[in-house]
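# Residue-level structural notes
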Amino acid sequence: MYNDLMKTFTEQSEQFFSPAIKFNQLVAKNIEQLAQIQLDATESFTKTSVEQLKTAAEVKDVKSFIDFNASQLTAMNKLSQQMIDDGQKLTQLGNEFKEHLDAISKDSVKTTAKA
């Protein structure tokens, strides 16, 4: 009898806390992916900035100045494309989060309806 009571209590506790645990895992995964996107963006921006500083330090005449200005345009295009790509990654991350959250909600409703 005591074993049955504990088994029932354990099962009900698992059912009750399961959505919260799944939600916490989903949030942790999302934060990890968001942090990775931010780290990648920071690394790319830093690398491009350092490259441009090195190029600026090499300006010694009119031709190298013109080359530097051309490299600035290339760097801006690269950073603009990176921002577009990062925006798409963030949109995808948000959509996946919503889909998983909807699935957790549906599972919770089904579990609650059974009880």
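Residues numbered from 1 in each chain as written. Predicted model: local features only at pLDDT ≥ 70, side-chain atom pairs only at ≥ 80, totals over all residues. Heavy atoms only, no water.

You'll find the protein chain entered in an unreviewed UniProt entry as PHA granule-associated protein, with Pseudoalteromonas rubra given as the organism.

## A short note on the overall build of the protein chain
For clarity, the threshold we go by: Helix numbers and strand numbers start at the N terminus; a helix is a DSSP run of H or I with at least 4 residues, a strand a run of E with at least 2. Taken over C-alpha atoms, the radius of gyration is set against a globule rule of 2.2 Å times the number of residues to the power 0.38. Between buried and exposed lies partly exposed: a residue is buried under 20% and exposed over 50% of the maximum accessible area for its type, with that area taken using a 1.4 Å probe on protein chains only. Only the protein chains shown count as cover for residues, and the accessible areas themselves come from Shrake-Rupley with a 1.4 Å probe. For the purpose of charge, His is not counted, nor are the chain termini; Lys and Arg are scored as positive and Asp and Glu as negative. Every charge is mapped onto a representative atom, which is NZ of Lys, CZ of Arg, CG of Asp or CD of Glu.
A count of helices and strands for the protein chain gives two helices and zero strands. Scaling as 2.2 N^0.38, a compact globule of 115 residues should have a C-alpha radius of gyration of about 13 Å, whereas the protein chain reaches 26 Å, well beyond that. Its C-alpha atoms give the protein chain principal-axis dimensions of roughly 90 × 25 × 10 Å. Looking at the protein chain residue by residue over its 115 residues, the buried ones come to 14%. Accessible surface for the protein chain amounts to roughly 9300 Å². Of this, 63% is attributable to carbon and sulfur atoms. Charge separation in the protein chain, taken as the distance between the mean sites of 13 positive and 16 negative side-chain charges, equals 2 Å.

## Here's the deal with the pattern of salt bridges
For clarity, the threshold we go by: Any carboxyl oxygen of Asp or Glu within 4 Å of a side-chain nitrogen of Lys or Arg constitutes a salt bridge here.
Summed over all chains, the structure comprises three salt bridges. Between Lys22 and Asp107 there is a salt bridge; the shortest N-O distance is 4.0 Å. Note that Lys22 is positioned in helix H1 (residues 2-57) and Asp107 in helix H2 (residues 62-114), a separation of 85 residues in sequence. Assessed through its relative accessible area of 36%, Lys22 is described here as partly exposed. Residue Lys98 pairs with Asp102 through a salt bridge whose shortest N-O separation is 2.9 Å. Taken as a pair, Lys98 and Asp102 lie in helix H2 at a separation of four residues, close to a single helical turn. Given a relative accessible area of 52%, Lys98 falls into the exposed group. Overall, the relative accessible area of 34% leaves Asp102 in the partly exposed class.

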